[in-house]
Amino acid sequence: MQKQLLVIGYVWPEPSSSAAGWRMIQLLELFLDHGYHICFASPAQKTEFSADLVAMGVQEEPIQINNSSVVDFLQNLQPSVVLFDRFMMEEQLGWRVREVCPEALTLLDTEDLHFLRKAREKAFKSKTNLNLNIYTDEAKREIASILRCDLTLIISEVEMQLLQRKFDIKASSIFYLPFIFSEVFEQNKALPDFEERNGFLCIGNFLHAPNWDQVLYLKEEIWPLIRKKLPQAEVEIYGAYTSQKVKQLHQPKQGFMVKGRAENLPELMAKKKILIAPLRFGAGLKGKLVDAMRYGLPSITTSVGAEAIGGKYPWPGEIANTPQEIANKAVHYYTRIKPWQKAQKN
């Protein structure tokens, strides 16, 4: 009998819109490779950017959370494994799953630790970064969800350590699973070199608060410092769900170009000289920075941006945390071929 996985999705995955979207696609592919039949169910509305899961061989099922039809659905499906996409879905439907399918293995994919991201955002906005309070109501909810599930997938080594050291979560109940890539990275892969590239790039889904903040920070505090030294430089801002407040930052005379959704990320990243990602809060792994490595694009980011990615290895570019430092490093790598080439190699 074929193994049955039920994924209860917070949203229908959009791999072209966010790292969370292609994280979910990677998980689905992983389970398909291990011989599972998969049903993806979600109460969310689909968009034109939602992945075609049926084409992947995944059954799609729209569900209603506060409705007895969910009981019938679970009874008919009888999954052997249930994966909750973010703790909010486990909160809403975990009890139903345990009631109807008591033998099912329950997994939680946190995407990132929501309570950590929210605590960092609150600390940043109240200018109390040195007094980060992670023991919040959101933390209680997320930790409770982790404790209720048989196994929780954690994307970041930093978050693995946090859960074990600060919340006494057993190592056996959490599993480190970062992004999964099938391609082989070749040292001598032909990538556009320094002279073939031009311009800065900043990217991120604008429904995500850290991405809106990074663009505002870049526009108001960092970009004027870069333009002072590089008067002809341009930065292109790309991201899904570019709202009106983002579009209003578009200023061609200052070389600040808001472009909207990126249609072909590999091609775009292969043309640009530097990815600039001045993130001031956030959690998990930053997909844009991993993508930059995949496509040979050196990056300038912050400690938050680089968190849990590089390990003991040198960053492919630079990590800086003040507007002046970020601007100086951006100009340095933009104008000097040898450091840029070394960054690309890293």
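Cut-offs and rules
Residues numbered from 1 in each chain as written. Predicted model: local features only at pLDDT ≥ 70, side-chain atom pairs only at ≥ 80, totals over all residues. Heavy atoms only, no water. Buried < 20%, exposed > 50% of the residue type's maximum accessible area, 1.4 Å probe, protein only. Helix = DSSP H or I, 4+ residues; strand = E, 2+ residues; numbered from the N terminus. Pairing = 2+ DSSP bridges. Core = buried A, V, L, I, M, F, W, Y, C linked by side-chain atoms within 4.5 Å. Axes fitted to C-alpha atoms, helices over the stretch in contact; angles between N-to-C directions. Disulfide = S-S within 2.5 Å. Phe/Tyr/Trp six-rings, centres within 6.5 Å; stacked < 30°, edge-to-face > 60°. Lys NZ or Arg CZ within 6 Å of the ring centre and 35° of its normal.

### Looking at the pairing of strand β1 (residues 3-8)
For β1, the buried fraction is high: five of the six residues fall into the buried class. As paired strands, β1 and strand β2 (residues 36-42) are joined by six bridges and run parallel to one another. For Val-7, the partnering residue across the bridge sits in β2 and is Phe-40. Bridging between β1 and strand β4 (residues 81-85) involves four bridges; their strand directions are parallel. Paired with Ile-8 across the bridge in β4 is Phe-84.

### Examining the nonpolar core
The biggest cluster of nonpolar side chains holds 39 residues, and the ones touching the most others in it are Leu-6, Ile-8, Phe-73, Leu-74, Phe-115, Ile-146 and Leu-163. Going through the elements one at a time, β1, β2, α3 (69-77), β4, α4 (87-100), α5 (114-125), α6 (137-148) and α7 (157-167) are the ones with two or more residues in this core. Per element, the largest residue contribution to this core is six residues, and it comes from α4. Phe-206, Val-215, Val-235 and Ile-276 belong to the second largest nonpolar core, which has 31 residues in total.

### Some remarks on the sheet that holds strand β6 (residues 151-154)
An order of β3-β2-β1-β4-β5-β6-β7 is seen for the seven strands of this open sheet, with the pairing classed as parallel. With partners counted over all chains shown, the strands left at the sheet margins are β3 (59-62) and β7 (174-176), one partner each. Neighbouring strand axes in the sheet, compared pairwise and without regard to direction, differ in orientation by 25 degrees on average. In this sheet, β7 lies alongside β6 in parallel orientation, the contact comprising three bridges. Residue pairing across strands places Thr-152 opposite Ile-174, the latter belonging to β7.

### Comments concerning the state of the cysteines
Scanning the entire structure with this criterion turns up zero disulfides. Take Cys-39: it sits in no disulfide, and the sulfur closest to it among the cysteines is that of Cys-101, at 11 Å. You can see Cys-149 has no disulfide; the closest cysteine sulfur is in Cys-101, sitting 14 Å from it. Taking relative accessible area as the criterion, Cys-149 reaches 6% and is therefore assigned buried.

### Overview of the packing of aromatic side chains
Using the criterion set out here, one finds 12 aromatic pairs in the structure. Ring centres 5.7 Å apart and planes at 55 degrees place the aromatic pair Trp-22 and Phe-181 in the tilted group. Of this pair, Trp-22 sits in helix α1 (residues 19-33) while Phe-181 sits in the loop between β7 and β8 (200-203), and the two are 159 residues apart along the sequence. Under the relative-accessibility criterion, Trp-22 is labelled buried at 14%. The class for Phe-181 is partly exposed, based on a relative accessible area of 25%. On the numbers, 4.5 Å between centres and 15 degrees between planes, the contact of Phe-200 with Tyr-334 is stacked. Here Phe-200 is found in strand β8, whereas its partner Tyr-334 is found in helix α13 (residues 323-335), with 134 residues between them in sequence. Assessed through its relative accessible area of 11%, Tyr-334 is described here as buried. One aromatic cluster in this structure is built from Trp-22, Phe-179 and Phe-181. Over the aromatic face of Phe-256 sits the side chain of Lys-219, whose NZ or CZ is 5.7 Å from the ring centroid. A cation over an aromatic ring shows up here: Lys-273 above the ring of Tyr-334, its NZ or CZ 4.8 Å from the ring centre.

Honestly, that's just the spatial picture; any functional story needs more than this.
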